[in-house]
2 protein chains.
Amino acid sequence: MSRDPFEYRTVDVTDEEFVASQEVYVDLAEAVRRLNRATVLTQVDPDVVRRATADVHALAAALEADLIPNNFGVVIAKSADGTGGSRIRGYGNAVVGRRNPIAAPVEIEVDREEGSASATFTLSALFEGPPGKVHGGVSALVLDQLCGEAAAAGNAPGMTGKLELRYRKPLALGECSAKAWVDARSDYKSVIKAWLKDAEGEICVEASGLFILPRWAREHLAAGQDAPEQFE
Amino acid sequence: MSRDPFEYRTVDVTDEEFVASQEVYVDLAEAVRRLNRATVLTQVDPDVVRRATADVHALAAALEADLIPNNFGVVIAKSADGTGGSRIRGYGNAVVGRRNPIAAPVEIEVDREEGSASATFTLSALFEGPPGKVHGGVSALVLDQLCGEAAAAGNAPGMTGKLELRYRKPLALGECSAKAWVDARSDYKSVIKAWLKDAEGEICVEASGLFILPRWAREHLAAGQDAPEQFE
């Protein structure tokens with residue numbers, strides 16, 4: 001089971017301490033989300049925009065003084081006395097990442113009994129494809145994440161092998177809701193179904209995903225170890 | 001053929017004037033992309049982050065003093081003397097929008113003779129799903145846009161009806177390339193195929209899309225008018 005060196009980082013604090021330390025960065029991401037939306041929609045005077053551009057570069061430079069190398073990845077929080085070792089993930093994720101300013105973010109609730117994942121969220125002007133409508137690929141992006149979380153919630157973890165999307169009607173920008181659930185499973189494969197509804201509750205996009213547990217994870221299981229989390 | 005009121009805006013300048021007027025906002029979006037990446041990866045001192053958060057809110061407020069309502073949509077540039085009327089689109093698009101800070105952006109080249117669209121682009125830490133890898137849904141997002149542009153380039157315009165994605169291997173964050181082309185067409189439907197390769201040139205994701213010209217567009221064509229652009 002090979003790993004790229006930048007998948008994991010170990011920090012010598014407890015998981016509670018690590019999570020608490022991230023809140024200040026989460027607040028920054030929320031401010032930058034506001035700036036993202038203002039950027040695509042602003043029509044203020046060019047001089048104001050030029051000054052803002054210079055200020056944004058200066059802010060970015062200050063934050064770049066100390067960067068996590070490459071990507072956020074997964075953090076293993078293990079305090080100095082050796083306790084802990086929790087894997088903490090998802091802060092950088094493109095859909096749900098609370099530290100990621102391009103994530104809506106979508107807050108997903110999982111139901112482990114039902115093997116499902118659902119969310120209500122808002123897609124702003126940043127997610128536009130056809131005029132006034134959510135980009136079809138953004139619908140795919142959100143549904144892929146939901147399907148993966150439903151698979152994990154239903155104890156049918158795996159990686160996306162195939163994803164099929166059916167676009168039934170254009171989805172207006174604004175409030176949306178989505179749900180994914182385990183529809184079938186066999187051995188190391190599972191089928192996840194999902195829908196995405198508009199603010200009126202009409203289904204606009206349907207998805208069906210085939211999730212497959214990769215070989216290294218099967219070997220991991222066969223060796224009697226705990227089930228690995230999805231594609232860690 | 002009904003339209004939501006916020007799909008189109010008309011501006012009383014020529015298209016050249018409008019495009020030139022956007023460059024200052026394009027520069028801002030590029031700066032905000034840099035800030036997005038710094039935000040997900042920074043580990044500078046919490047006090048620096050708190051000050052940056054306040055500054056970002058202040059910048060957003062300044063830009064919010066005059067916003068395009070709702071969404072960027074499509075601009076019809078028509079100068080005061082009545083010339084022009086070009087439809088200008090794509091500045092706000094979630095994948096290719098040069099004014100949209102959450103767009104990579106992907107710069108797509110189309111080949112009208114071949115009926116294809118291709119692009120080379122970089123997906124940074126902002127597009128992470130599995131640790132160190134591009135989010136499977138981000139691959140879908142990019143491929144959906146490529147497929148739509150290939151359909152338009154091949155004069156087989158339409159809306160995405162179905163999109164199928166096959167994930168062959170995880171795609172590392174970094175440089176990627178993608179290509180989509182018209183594979184088959186009949187009447188008002190076309191099949192578009194596409195691939196997404198990693199920096200080593202290996203295919204990681206394949207896509208197949210069914211594109212359908214909506215009924216209002218067929219009626220538009222039947223009435224002897226020009227072929228409408230994809231889903232305008």
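Placed above this text is the structure.
This is a predicted model, so every value here is computed, not measured. (Residues numbered from 1 in each chain as written. Chains lettered and ligands numbered in written order. Predicted model: local features only at pLDDT ≥ 70, side-chain atom pairs only at ≥ 80, totals over all residues. Heavy atoms only, no water.)

This part covers the overall build of chain A. Each helix and strand counted, chain A has four helices and nine strands in total. Oriented by its inertia axes, the alpha-carbon framework of chain A measures out at about 65 × 50 × 25 Å. The buried share of chain A, taken over its 232 residues, is 52%. Nonlocal contacts in chain A, meaning residues at least 24 apart in sequence, comprise 63% of its contacts between residues at least 6 apart. With an accessible surface of roughly 10,100 Å², chain A has 46% of that area assigned to carbon and sulfur atoms. For chain A, the separation between the mean place of its 25 positive charges and that of its 35 negative charges on side chains is 6 Å. (Helix = DSSP H or I, 4+ residues; strand = E, 2+ residues; numbered from the N terminus. Buried < 20%, exposed > 50% of the residue type's maximum accessible area, 1.4 Å probe, protein only. Contact = heavy atoms within 4.5 Å. Areas by Shrake-Rupley, 256 points an atom, 1.4 Å probe, with all protein chains shown as cover. Lys, Arg positive; Asp, Glu negative; His and termini not counted. Charge placed at Lys NZ, Arg CZ, Asp CG, Glu CD.)

A few words now on the interface of chain B and chain A. Taken together, the contacts link 82 residues of chain B with 82 residues of chain A. Of the roughly 7,900 Å² buried between chain B and chain A, counting both surfaces, carbon and sulfur atoms make up 64%. Run the count over chain B and chain A and you get two salt bridges. At the surface where chain B touches chain A, the tally comes to 39 residue pairs in polar contact (both at pLDDT 80 or more). Looking at the side of chain B that touches chain A, the elements that each hand over two or more residues are α1 (15–41), α2 (46–63), α3 (136–153) and β6 (159–167) of chain B. By residue number, the principal contributor to the side of chain B that touches chain A is α1(B), which donates 15 residues. Residues belonging to the side of chain B that touches chain A are distributed by class as follows: 45 nonpolar, 20 polar and 17 charged. (Buried area = accessible area lost by both parts, 1.4 Å probe. Salt bridge = Lys/Arg side-chain N within 4 Å of Asp/Glu carboxyl O. Polar contact = N/O pair within 3.5 Å; in protein donor to acceptor, adjacent residues only side chain to side chain. Nonpolar A, V, L, I, M, F, W, Y, C, P; charged D, E, K, R; others polar.)

Attention now goes to the environment of A:Glu64. Structurally, A:Glu64 is set in the loop between α2 (46–63) and β2 (74–78). Separated by 47 residues in sequence, A:Glu64 and A:Asp111 have C-alpha atoms that sit 39 Å apart. Filtering out sequence-adjacent residues up to four positions away, A:Glu64 remains in contact with B:Arg34 and B:Ala38.

Within the fold, A:Gly82 resides in the loop between β2 and β3 (84–88). The spacing of A:Gly82 and A:Ser139 is 57 residues in sequence and 42 Å in space, taken between C-alpha atoms.

This next bit is on the pairing of β6(B). As judged from the five bridges shared by strand β6 (residues 159–167) of chain A and β6(B), these two strands associate in the antiparallel manner. Among the inter-strand pairings, A:Lys162 is bridged to a residue of β6(B), identified as B:Arg166. (Pairing = 2+ DSSP bridges.)

Next up on the list: the relation of the copies chain B and chain A. Once chain B is rotated about the relating axis by 180° and shifted along it by 0.0 Å, it coincides with chain A to within an RMSD of 0.0 Å. The transformation relating the two chain copies, once decomposed into turn and shift, fits a two-fold axis. Minimal C-alpha separation from the rotation axis in chain B is found for B:Glu164, amounting to 2.2 Å. By residue overlap, the copies meet face to face through one surface: 100% of the interface positions of chain B are interface positions in chain A. (Least-squares fit on C-alpha atoms with pLDDT ≥ 70 in both.)

Okay, the pattern of salt bridges next. Residue and element names in this part refer to chain A. All chains considered together, the criterion is met by 16 salt bridges over all chains. We note a salt bridge from Arg98 to Glu23, for which the minimum N-O separation is 3.3 Å. A residue pair is termed long-range when its members are at least 10 positions apart, and Arg98 in the loop between β3 and β4 (109–111) and Glu23 in helix α1 (residues 15–41) qualify at 75 residues. We classify Arg98 as partly exposed; its relative accessible area is 37%.

Function cannot be inferred from these measures alone, as they are strictly geometric.
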